[in-house]
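Fold and geometry: a report
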Amino acid sequence: MVMLNKEYMINHMRNEKGSINIKNVVLAAACEATELFQCLIVMDSNFTDWSRFVDRLEKNVERQDYEKVHELCQTMYAMRHLSEELEGLYLVRDDAELCSLYYQIFVGMLNLTVFSTEAMVDLNGGKHDE
């Protein structure tokens, strides 16, 4: 098993020379997408609700309305973690290049996770833990 240090990846999304460290951006976004998905699972096991949420995020990413994506994700996350936030989503907002890349990867990973979970439940005959 590989252990990931999300804080390190979030704080090192750019290399010393200022170029983007793609590996750290992807891994940080994937970690945060997983954290948000865990909140979705605990709050609601309705795949339709999850899919609508991800669709809404995708539309906002397409419009480059990253503030709205940030607001929606932090609101959902805060329902389970009252005093915390998704740090990577917050930190990249001040860097236009990183922001676009990070949010696209984050929403893509969340979408993939929702799709994969729904497919696994279907393969399991529609049974899932509630």
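Refer to the preceding data block for the structure.
Residues numbered from 1 in each chain as written. Predicted model: local features only at pLDDT ≥ 70, side-chain atom pairs only at ≥ 80, totals over all residues. Heavy atoms only, no water.

Relative placement of two packed helices is described by the angle separating their axes and the distance separating the axes. Two numbers describe how helix α2 (residues 22-43) lies on helix α4 (residues 66-78): the axes approach to 9 Å, and their chain directions differ by 55°. Our classification of the angle between α2 and α4 gives oblique. α2 and α4 meet at a crossing whose hand is left-handed. Along its contact with α2, which presents Glu-35, Leu-36, Cys-39, Leu-40 and Met-43, the element α4 presents Cys-73, Met-76 and Tyr-77. Looking at the contact of α2 with α4 residue by residue, the classes come out as seven nonpolar, no polar and one charged. (Axes fitted to C-alpha atoms, helices over the stretch in contact; angles between N-to-C directions. Helix = DSSP H or I, 4+ residues; strand = E, 2+ residues; numbered from the N terminus. Parallel < 35°, antiparallel > 145°, perpendicular 65-115°, else oblique. Left-handed = near helix turned anticlockwise from the far one by under 90°. Contact = heavy atoms within 4.5 Å. Nonpolar A, V, L, I, M, F, W, Y, C, P; charged D, E, K, R; others polar.)

Right, let's get into the nonpolar core. If you look at the biggest cluster of nonpolar residues, it comprises 38 residues, and the most contacted ones within it are Leu-36, Phe-53, Cys-73, Tyr-102, Tyr-103, Phe-106 and Leu-110. The set of elements that each furnish at least two residues to this core consists of α1 (6-11), α2, α3 (47-62), α4 and α6 (96-123). If sequence neighbours within four positions are ignored, Phe-106 has contacts with Ala-29, Glu-32, Ala-33, Leu-36, Cys-73, Leu-86 and Leu-89. (Core = buried A, V, L, I, M, F, W, Y, C linked by side-chain atoms within 4.5 Å. Buried < 20%, exposed > 50% of the residue type's maximum accessible area, 1.4 Å probe, protein only.)

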